[in-house]
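# Observations on chain architecture
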Amino acid sequence: MRSEAVSAYRAVLRATRKAFAGDTLMLGESAAEVRKKFEENRHVTSPADLNRLLEEAREASHFISTMIVQAKLNERGGYEVKPGQEHAGATLEIPSEEILKKSA
């Protein structure tokens, strides 16, 4: 089970690195959050609980990879979203300009 947990941990981190490439703040915050969640469950020993947590990690990795697309500021002062092949079929929710301005 340990190797599965390590694999799940790495998969979630890979997903966040790809989703937030170039965004130092989000890379750091997401890595810290992933580590925190795994550390909180470090001492779980029940096979049922371990399987549930591993499934949640797989789902999180898939969600991050397919549902998160980061908007980037363009030279005109607006934001562009460029979904990749992995986002095909996903429903994109474009944040409002107000939300984007708050995060900048």
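You'll find the protein entered in an unreviewed UniProt entry as Complex 1 LYR protein domain-containing protein, with Penstemon smallii given as the organism. What UniProt records for the protein under Subcellular location (unreviewed entry) is the sentence "Mitochondrion matrix".

### Examining the overall build of the protein
Within the protein one finds four helices and two strands. Walking the protein from its N terminus toward its C terminus, one meets helices and strands in the order α-α-α-β-β-α. A total of 104 residues make up the protein; the buried ones form 17% of that total. For the protein, restricting intrachain contacts to residue pairs at least 6 apart in sequence, the fraction spanning at least 24 positions comes to 44%. About 7800 Å² of surface is accessible on the protein, with carbon and sulfur atoms providing 55% of the total.

### As for the environment of Ala8
With respect to the helices and strands, Ala8 occurs in helix H1 (residues 2-19). Using a relative accessible area of 9% as the deciding quantity, one classes Ala8 as buried. A C-alpha to C-alpha distance of 6.4 Å links Ala8 and Arg58, two positions 50 residues apart in sequence. Setting aside residues up to four positions removed in sequence, Ala8 forms contacts with Phe38, Leu54 and Ala57.

### A few points about the confidence of the model for the protein
When pLDDT is averaged across the protein, the result is 85; 83% of the residues are at 70 or more. Between the elements of the protein, mean pLDDT differs from a low of 69, seen in helix H4 (residues 97-103), to a high of 94, seen in helix H2 (residues 24-40).

### Overview of H1
Helix length check: H1 (18 residues) gives 26 Å between terminal C-alpha atoms against 26 Å at 1.5 Å per residue, within 8%. Among the residues of H1, those classed as buried are Ala8, Val12, Leu13, Ala15, Thr16 and Ala19. Relative to the axis of H1, the buried residues are bounded by an arc of 155° and lie together on one face. Away from the buried face of H1 by more than 90 degrees, exposed residues Arg2, Ser3, Arg10 and Lys18 are located. The elements touched by buried residues of H1 are H2 and helix H3 (47-67).

About the criteria used
Residues numbered from 1 in each chain as written. Predicted model: local features only at pLDDT ≥ 70, side-chain atom pairs only at ≥ 80, totals over all residues. Heavy atoms only, no water. UniProt positions renumbered as here; feature names shortened; annotations may be inferred. Helix = DSSP H or I, 4+ residues; strand = E, 2+ residues; numbered from the N terminus. Buried < 20%, exposed > 50% of the residue type's maximum accessible area, 1.4 Å probe, protein only. Contact = heavy atoms within 4.5 Å. Areas by Shrake-Rupley, 256 points an atom, 1.4 Å probe, with all protein chains shown as cover. pLDDT = per-residue confidence, 0-100. Expected span 1.5 Å × (residues − 1). Arc of directions from axis to C-beta.

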